[in-house]
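Analysis of the macromolecular model
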Amino acid sequence: MKKITLNKHLYRQSIFYSIEKGVAPEKIFNTVNNVPDLSDFPFPLPCEKSRYCCCDKSDNGVLWLGSDCGVTRIDPDAEFDFDRVMYFSADRDLPDNNVKAVAADGEGAWVLTETGITHIEMVMLSPEDVAAKLLDETLSIVERQGMVSQRYLAKAGELDTALPHANSDNDGGFTALFSIAEIMRYACYKKEFGTESEKTREAKAVAVKALEACLLLMYIHGRGDGFIARTYLFDGEPVPDDGFFFKRQGNKAVCVANSESVEKGVVGAVSDCSAEVPERLRYLYEDKGKTLDDIIYKADTSSDEVTIQLLNCLFAHKYLTEDEPELDNLIKESVKGIVNHIIDNGFVLKDFHGGPTTWARWDNDYFNGQVEGWADAPLNAAEILFYLKTVMEITGEKGKWLQTYESLINEHGYADLTEKHFDRLYQMCLALGVDYQSEIMYGDHMLATCSFFGLCTMEKDEKLLRKYRKGYEAWRSSIGPEHNPGYDFLYALANPDDDIDMERIREWFLRFNLSRLASGVSLIGRHDVAVKELRDNYNQISVLLPPDERFISKYDRDPLRYTNVDSGGNMCVESCFVYTFAYWIGRYFGFIE
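Cut-off values and rules
Every chain's residues receive numbers from 1 upward, in the order its sequence appears when written. Where local features are concerned, this predicted model is filtered to residues with pLDDT of at least 70; where side-chain atom pairs are given and counted, the filter is 80 or more; whole-chain, interface and lining totals use all residues. For the side-chain quantities, the full set of heavy atoms in the structure was used; hydrogens and water were omitted. Every definition here rests on a 1 Å grid over the protein atoms only: cavities are sets of points where a 1.4 Å probe fits but cannot get out, pockets are open sets enclosed by protein on both sides within 12 Å along at least five of seven lines, and lining residues have some atom within 4 Å of a point. Grid points are joined across faces, edges and corners, and a volume is the space filled by probe spheres set on the points. Secondary structure is summarised from DSSP: a helix means a run of H or I of at least four residues, a strand means a run of E of at least two, and numbering begins at the N terminus for each. Ten residue types, Ala, Val, Leu, Ile, Met, Phe, Trp, Tyr, Cys and Pro, are classed as nonpolar, four, Asp, Glu, Lys and Arg, as charged, and the remainder, Gly among them, as polar. To form a nonpolar core, buried Ala, Val, Leu, Ile, Met, Phe, Trp, Tyr and Cys residues must be joined to one another through side-chain atoms within 4.5 Å. For each residue, the accessible area found with a 1.4 Å probe, counting protein chains only, is set against the maximum for its type, and the residue is called buried under 20%, exposed over 50%, and partly exposed in between. The contact criterion used throughout is that any non-hydrogen atoms of two residues lie within 4.5 Å. Axis lines are fitted to C-alpha atoms, over the contacting stretch for helices. Their N-to-C directions set the angle, which ranges from 0 to 180 degrees. By definition in this entry, angles of less than 35 degrees are roughly parallel, angles greater than 145 are roughly antiparallel, angles of 65 to 115 are roughly perpendicular, and the rest are oblique. By definition, turning the near helix anticlockwise from the far helix through less than a right angle yields a left-handed crossing, and turning it clockwise yields a right-handed one. A pair of strands is considered paired only if DSSP assigns at least 2 bridges between the two. Start and end points for every domain follow an automatic or database-based domain assignment.

1. Focus on the layout of surface pockets
Here the largest pocket is characterised by a volume of approximately 1,100 Å³. Along its surface, the largest pocket is lined by 45 residues, and Ile 440, Met 441, Tyr 442, Gly 443 and Asp 444 are the ones closest to its centre. For the lining of the largest pocket, the secondary structure elements donating two or more residues are helix H3 (171–193), helix H7 (303–319), strand S16 (356–361), helix H10 (371–395), helix H13 (421–432) and helix H14 (444–458). When residues of the lining of the largest pocket are assigned to their parent elements, the largest contribution, seven residues, is made by H10. Across the lining of the largest pocket, the residue classes tally to 19 nonpolar, ten polar and 16 charged. Estimates place the volume of the second largest pocket at around 640 Å³.

2. Notes on the nonpolar core
By size, the foremost hydrophobic cluster in this structure holds 145 residues, and its most contacted members are Tyr 232, Phe 509 and Tyr 579. Every residue in contact with Tyr 579, bar those within four places of it in the chain, is listed here: Tyr 11, Pro 127, Val 130, Ala 131, Leu 134, Trp 508, Phe 509 and Phe 512. Membership of the second largest hydrophobic core comes to 15 residues, among which are Val 71, Val 102, Ala 104 and Val 111.

3. Some remarks on the packing of H3 against helix H4 (residues 198–216)
In contact at an axis separation of 8 Å, H3 and H4 are set at 155 degrees when each is read in the N-to-C sense. Taken together, the axis directions place H3 and H4 in an arrangement best described as roughly antiparallel. Where H3 crosses over H4, the handedness of that crossing is left-handed. Only Lys 199, Thr 200, Glu 202, Ala 203, Lys 204, Val 206, Ala 207, Ala 210, Leu 211, Ala 213 and Cys 214 of H4 make contact with H3, whose side of the interface consists of Gly 172, Thr 175, Ala 176, Phe 178, Ser 179, Glu 182, Ile 183, Arg 185, Tyr 186, Tyr 189, Lys 190 and Phe 193. When grouped by side-chain class, the residues that make up the contact of H3 with H4 number 13 nonpolar, four polar and six charged.

4. Let's talk about the environment of Val 111
Within the fold, Val 111 resides in strand S7 (residues 108–113). Measuring from C-alpha to C-alpha, the distance between Val 111 and Lys 400 comes to 66 Å, with 289 residues separating the pair along the chain. Beyond its immediate stretch of four places on either side in the chain, Val 111 contacts Ile 28, Val 71, Leu 94, Val 99, Ala 101, Val 102, Gly 116, Ile 117, Thr 118 and Ile 120.

5. Points about the sheet that holds strand S1 (residues 9–17)
With respect to topology, four strands assemble into an open sheet ordered S1-S8-S7-S6, the strand pairing being antiparallel. For this open sheet the edge positions go to S1 and strand S6 (99–105), each flanked by a neighbour on one side alone. Neighbour-to-neighbour, the strand axes of the sheet open up by a mean angle of 20 degrees, direction not taken into account. Judged from the six bridges that link them, S6 and S7 form a sheet pairing that is antiparallel. Among the inter-strand pairings, Val 102 is bridged to a residue of S7, identified as Val 111.

6. Some remarks on the domain arrangement of the protein
Assigned domains within the protein: domain 1 (10–125) and domain 2 (362–482). Its C-alpha centre places domain 1 at a distance of 47 Å from the equivalent point of domain 2.

7. Considerations on the pairing of strand S11 (residues 245–249)
Summarising burial for S11: four of the five residues are buried, a large majority. Note that S11 and strand S14 (residues 295–298) share three bridges and pair antiparallel. Residue pairing across strands places Phe 246 opposite Tyr 297, the latter belonging to S14. Pairing geometry for S11 and strand S12 (residues 252–255), over four bridges, is antiparallel. Looking at S12, one finds that Phe 246 is bridged to Cys 255. In textbook terms, the turn of a hairpin is the stretch between consecutive antiparallel strands, and for S11 and S12 this stretch comprises two residues, one of which, Gly 250, has a positive phi near 65 degrees.

In structure tokens form, the structure reads like this:
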């Protein structure tokens with residue numbers, strides 16, 4: 001196994017000030033900057049050399065350059081190549097890109113732009129410090145009733161203006177990934193410091209609450225049939241316009257009016273909700289002074305939630321619940337309920353209307369009857385096989401789950417399907433006349449990672465294992481170029497003979513952002529990256545930039561996308577799991593020393 005050592009490193013953070021004098025140091029207003037002579041500079045720079053209009057050098061030889069397209073920091077003595085040239089731009093690091101003056105300040109710099117002032121601080125932290133800082137931001141701003149996905153702000157960039165309410169399609173999946181990260185933090189501390197350490201106990205408490213929040217989504221609807229809700233909110237909170245939301249009223253839940261329910265004609269549809277919520281989970285809403293009649297849950301759940309929730313249950317069973325028999329039993333019952341629901345309903349997740357939800361189908365009719373289903377089949381086949389292996393692994397039982405597993409493989413060819421992802425996606429793109437790159441569903445990367453990691457680490461049959469590893473490899477053409485250690489570490493555990501680029505992973509960790517405030521960066525006018533023009537105005541840059549030079553948005557976006565899609569405009573804070581999931585898995589399994 002390849003390993004990397006991650007020592008302390010300088011991370012950037014920007015503090016914004018008004019342009020009024022007296023708010024920032026006078027030196028930024030009085031600085032007389034010279035136009036830098038860059039004619040002999042040997043490396044490409046983010047801006048054309050002729051556009052740099054001001055410069056200053058710090059005592060340690062670092063050069064700060066200002067231009068009409070942002071700020072560039074040059075450190076000729078940097079330990080790593082990826083640190084020699086750094087780029088800072090609006091709206092993450094600067095109020096705007098029209099820089100008027102720069103003044104070096106220790107490791108950082110003051111920057112005067114046309115509309116404001118920024119103090120760029122370069123802070124020395126260890127990667128574990130970064131994980132702790134991001135976790136604190138998530139727990140103080142994003143988390144609600146144990147769920148973590150994202151939280152919107154009332155004022156752009158002002159974290160203390162977080163709205164009191166929130167919900168997301170991805171509450172279940174994102175909270176499950178956050179939960180896995182915290183489970184592995186607990187497992188690391190338990191191994192390093194013992195179970196009685198304060199750090200270990202604190203990590204366990206966070207992990208348990210996140211896990212319980214995930215489990216609650218399996219019961220909050222009261223259907224009693226193994227269904228999973230996407231999310232829930234409290235009565236009185238705004239109900240979004242997308243999806244189907246049900247207000248609980250005694251033993252019945254009624255579909256509330258929004259744009260989608262009105263359009264589909266399901267306002268007032270009734271669903272049973274007479275099944276009890278496990279007593280252990282009730283505190284998550286009762287501590288807020290709420291009862292079940294205050295709950296509005298979201299239906300139409302996709303395979304995303306099912307897949308990531310089951311991986312979370314698998315990690316919790318293995319690493320969290322050794323001394324928690326009640327919680328482990330709840331995991332077992334929950335997983336059995338989900339998998340039995342899917343089998344008993346013809347390999348679909350059945351919703352209130354009696355038919356399948358939009359994106360949770362694993363049946364042959366879907367695979368063979370629709371263009372989307374034909375292309376989805378390799379992933380969805382891997383998902384359902386993963387579910388069956390997971391329920392057997394967690395419960396220690398076989399029964400109908402093993403019979404179903406063998407039937408899907410031997411009678412319906414599901415294991416063979418898992419190998420065909422790239423071929424089918426590429427053929428579909430050719431048939432539709434679209435570019436392969438623009439049709440990649442980046443959210444599917446996590447679903448493929450969960451499913452194939454689980455299959456490859458649980459399957460003992462060598463013939464099947466070879467198929468699953470080949471199926472996993474079919475995803476690497478799109479997953480590999482992300483150089484995301486959250487994906488790559490699990491791939492390396494499942495395919496120990498294959499290489500992952502540990503130096504790119506080092507760059508990912510050491511150039512991560514210290515906040516998950518969703519924000520854009522300015523790529524328009526960058527001189528050092530080429531742009532590839534695809535169909536439908538979907539353009540990509542030619543090189544994967546470090547994380548602190550890319551836009552921050554939901555994790556499932558194309559990191560090579562030229563435009564700042566869903567970057568949030570500094571109005572939303574995302575969960576920390578993108579970093580903590582990768583970091584703690586890397587720590588526990590020995591990729592990070």
